[in-house]
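Residue-level structure breakdown
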Amino acid sequence: MSPWVRLIIYLLGAPLLGGLLIGWDRRISARMQARLGPPILQPFYDVLKLWGKENVVVRRSQNHYVAFFLLLVIFTGALFFAGSDLLLVIFALTLAAIFFVLGAYKASSPYSFVGAERELIQMMAYEPMVLLTAIGMYMVTKSFFVHDIASYSTPLAFALPGVFLGFLYTLEIKFRKSPFDLSSSHHAHQELVRGITTEFSGRTLAMIEIAHWYETVFLLGWVYLFFASTPWIGVLVALLAFVGVILVDNVFARLKWQTAVRSAWIVAAVLGFGNILVLSLLH
Amino acid sequence: MSSFSKSPWIIHYDASSCNGCDIETLACLTPLYDVERLGVVNTGNPKHADIFLVTGAVNEQSREVIRNIYHQLVEPKVVVAVGTCASSGGIFRECYNISGGVDTVIPVDVYVPGCAARPEAIIDGVVRAIAVLEEKNRAMMAIANSLDHVLYRLAHKSDAPEILALQKVAYQSEAEIYGDESVPALQQTLEELHADFEGTSAFTAPNSGASLVESKAADRVVFIKAVVNGKIIGSVGGFAKGDSAYVNRVVVHPYFQGRGIGRRLVAEIEKAFAEARRFEVFTGSQSERNLRQFRRLGYSEFKTESFSPAITWVYMQKERSCPLSPLSN
């Protein structure tokens, strides 16, 4: 498949798949709590509704930051699925997250401020492991390009079990799931109102949701990359990873931010760095 | 069926409830009732919510909070009063610190009776609220689609109830600026507005300001309404006395503010008082927006007067050298 075809499939298919995955997430979560849960299509209903609502802002410019956030998240995924450089993908993703944080800062409300600060802390927590993942993949395949990594003959997870587990750990942070739902919890009521998304409403909030759909597909795509040599196993593992994230979300209470950072860095050091150390010693 | 019916997000506030209704409200989220299957999310953020559930009677401490939350909810929004206390004040109605049901502070769309209201009744209330939400959304869309067709017409006494309702909605923002409900426009009764139309009242006379006392014998009273889709979305009243015309209460529905409707209303009423050489208006000293608008229309301040500890009126005037001849209209 040519990169352009993959790109177009991603641009059109990712929001559909991402929305369905989030709907599925809410349903599984409900079932885990012995509830019936909303319909699978609920995220689409929500976004359609938000699109029709009034858009109230503290400062008009806060909406531009969110627009850039959405654009850059889409761009990140586009780079990834077109088979581009993994390092570029990581930094594009970081830039997207920074725009989101800037938007929240711009709103200058105490809740969105603290949410933004916590989002930065979360980024600090997952960033080392994400970089180590890219480095680990490079050490095995001798390339930072996603299309080279995807066409590697054996599953990367065999050579990178530690990096794989460490990446799953960061997935939990990246999805803002409990125990790492510090900056903005999708569950009812938290001490920060809605954290980083507090001051966004209407269409802007819908854009944040859509960005979240793209992000979900992109991150699961990265999980797939660990088993890309046999596609069906890759897809299966990605879905299992998603269910695992939901399970952890429902089982754990939230951690303090100190514990979140410390644990993420310990995981990065032991699983990520340890794995890479072993690899370099073996070669 | 619009997407509103499938995704009603709720914010719940306890005004001064005994917690009976609160517990029943939260029971709706439990596995037994599970309102999330209807797409309901119990969000703690007014900016994300569509439906405002209030439990308990309103007391002096909660009224400001209720008003604040109500104003932070984004349109279209619906208010549901849950339980007897929230609906009418219940057994606390006569208490010295209770102002009554939620509708004494903000407009309520759905009342859920019961002490405590049962979860089934609350869910029923939410379902009814969804219908109101859709209705409001339709009205918003219809009006948004016909915004280019605002009609400016003379208003008559029969329009008074609609104008009064509009006035109460539009002046909420003023009450918020001053943190004071004594803003006369919010206190006005229908009888008083009728009297305004007949020119027999002191026209809201905020105090014994000289010009307003004289007004009791107004030469001519004119009310103008701005109409969209048969609904009054803006109004202005005024009366002429000798050479002067006194313009009063430029009211525009919050949805339509910032679209030049207020300025157009003032222009229309200035045209209606063709014989007047001088126009006078007054507004609160902290209503920056009003002051700015009137300055843009050529008005300038000439005196201030204290009305209440919170409110000071600023009087503004504008001279017109050549009165319009009545025929030029």
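Scroll up to find the structure this text is about.
Attention here is on the structure that accompanies the text.

Bringing the interface of chain A and chain B into the picture now. Counting from both sides, the interface comprises 29 residues of chain A and, opposite them, 25 residues of chain B. Both sides together, the interface formed by chain A and chain B hides about 2400 Å², and carbon and sulfur atoms give 53% of it. Looking only at chain A, the three residues that lose the most surface to chain B are Arg35(A), Lys49(A) and Lys53(A), adding up to 26% of its buried area. There are 6 salt bridges connecting chain A and chain B. Of the charged contacts in the structure, one is a salt bridge between Lys47(B) and Glu199(A), with a shortest N-O distance of 2.3 Å. Taken together, the links from chain A to chain B amount to 18 residue pairs in polar contact (both at pLDDT 80 or more). When residues of the side of chain A that touches chain B are assigned to their parent elements, the largest contribution, 7 residues, is made by helix α2 (residues 42–52) of chain A. Classifying every residue of the side of chain A that touches chain B by side-chain character gives 13 nonpolar, 8 polar and 8 charged.

Here we come to empty space enclosed by the protein. Residue and element names in this part refer to chain B. A full pass over the atoms with the stated rule returns 4 cavities of 30 Å³ or more. Estimates place the volume of the largest cavity at around 100 Å³. Taken together, Ile10, His12, Thr25, Leu26, Cys28, Leu29, Val35, Val40, Asn42, Leu53, Ile122 and Val126 make up the full set of residues lining the largest cavity. Taken together, the elements giving at least two residues each to the lining of the largest cavity come down to β1 (9–14), α1 (20–27) and α4 (119–145). Within the lining of the largest cavity, the residues separate by chemical class into 9 nonpolar, 3 polar and no charged.

Another point: the packing of aromatic side chains. On inspection of all chains with the given rule, the structure shows 27 aromatic pairs over all chains. Ring geometry for Phe167(A) against Phe226(A): centres 5.9 Å apart, planes inclined by 45°, an arrangement best described as tilted. Residue Phe167(A) is located in helix α8 (residues 161–174), and its partner Phe226(A) is located in the loop between α9 (202–225) and α10 (231–251); the two are separated by 59 residues in the primary sequence. Its relative accessible area of 0% is what places Phe226(A) among the buried residues. Summarising the aromatic geometry, the rings of Phe294(B) and Tyr299(B) are spaced 5.5 Å apart at their centres and angled 70° between planes, so their arrangement reads as edge-to-face. Each member of the pair, Phe294(B) as well as Tyr299(B), carries the same accessibility label: buried. Three or more aromatic residues joined by ring pairs form one cluster here, namely Tyr10(A), Phe80(A), Phe81(A), Phe164(A), Phe167(A), Tyr214(A), Phe218(A), Trp222(A), Phe226(A) and Phe227(A). Directly above the ring of Trp9(B) sits Lys49(A), whose terminal nitrogen or CZ lies 3.9 Å from the centroid. A cation over an aromatic ring shows up here: Arg278(B) above the ring of Phe302(B), its NZ or CZ 5.5 Å from the ring centre.

To continue, consider the sheet that holds β1(B). In any sheet, the strands associate via hydrogen bonds between backbone groups, in a parallel or an antiparallel arrangement. Residues and elements named next belong to chain B. Across the sheet, 5 strands lie side by side as β2-β1-β3-β5-β7; this open sheet has parallel pairing. Each of the sheet's edge strands pairs with one partner strand only, and the pair in question is β2 (41–42) and β7 (110–112). Bridge count between strand β3 (residues 51–55) and strand β5 (residues 78–82): 5 bridges; the pairing is parallel. Note on β5: the bridge partner recorded for Thr55 is Val82. Where α1 meets the sheet, it contacts β1, β2, β3 and β5, and its direction lies at approximately 145° from that of β3.

The next point concerns helix α5 (residues 160–170) of chain B. Residue and element names in this part refer to chain B. Listed in full, the buried residues belonging to α5 are Ala160, Ile163, Leu164, Leu166, Gln167 and Ala170. The buried residues of α5 occupy one face: seen down the axis, they fall within an arc of 165°. On its buried face, α5 sits against α6 (172–178), α7 (184–187), α8 (190–198), β10 (231–241) and β11 (244–252).

Residues and elements named next belong to chain A. As for its placement among the helices and strands, Gln62 is situated in helix α3 (residues 61–81). Judged by its relative accessible area of 0%, Gln62 falls in the buried class. Discounting chain neighbours no more than four positions away, the residues touching Gln62 are Val57, Gly103, Lys106, Ala107, Glu199 and Phe200.

Parameters and conventions
- Residues take numbers from 1 onward in each chain, read along the sequence in its written order.
- Think of it this way: whatever chain is written first is A, whatever ligand is written first is 1, and the rest follow in order.
- In keeping with the predicted nature of the model, local features appear solely for residues at pLDDT of at least 70, side-chain atom pairs appear and are counted solely at 80 or more, and the whole-chain, interface and lining totals rest on all residues.
- Side-chain metrics rest on all non-hydrogen atoms present in the structure, leaving aside hydrogens and water.
- Here, residues are in contact when the closest pair of their heavy atoms is within 4.5 Å.
- Buried area, as used here, totals the accessible surface that two parts lose on assembly, with accessibility defined by a 1.4 Å probe and the loss added over both.
- Here, a salt bridge means any side-chain nitrogen of Lys or Arg that lies within 4 Å of a carboxyl oxygen of Asp or Glu.
- Under the rule applied, a polar contact is a pair of N or O atoms within 3.5 Å (in protein, one hydrogen donor and one hydrogen acceptor; residues adjacent in sequence only if both atoms are side-chain atoms).
- Counting from the N terminus, the helices are the DSSP runs of H or I reaching at least four residues and the strands are the DSSP runs of E reaching at least two.
- Under this grouping Gly is polar, as are all residues other than the nonpolar Ala, Val, Leu, Ile, Met, Phe, Trp, Tyr, Cys and Pro and the charged Asp, Glu, Lys and Arg.
- Whether a set of points on the 1 Å grid over the protein atoms alone is a cavity depends on a 1.4 Å probe fitting there but being unable to get out, while an open set qualifies as a pocket with protein on both sides within 12 Å along at least five of seven lines; lining residues are those with an atom within 4 Å of a point.
- Grid points are joined across faces, edges and corners, and a volume is the space filled by probe spheres set on the points.
- When two rings of Phe, Tyr or Trp (its six-membered ring) have centres within 6.5 Å they constitute a pair, described as stacked for plane angles under 30 degrees, edge-to-face for angles over 60, and tilted for the intermediate range.
- Exposed residues in this analysis have more than 50% of their type's maximum accessible area, buried residues have under 20%, and partly exposed residues fall in between, with area computed by a 1.4 Å probe over protein chains only.
- Comment: the charge-over-ring label is applied if NZ (Lys) or CZ (Arg) is within 6 Å of the ring centre and within 35 degrees of the ring normal.
- Two strands are counted as paired when DSSP detects at least two bridges linking them.
- Interaxial angle, 0 to 180 degrees, is taken between N-to-C directions of lines fitted to C-alpha atoms, where a helix line uses only the stretch in contact.
- What the arc describes is the spread of directions from the helix axis to the C-beta atoms.

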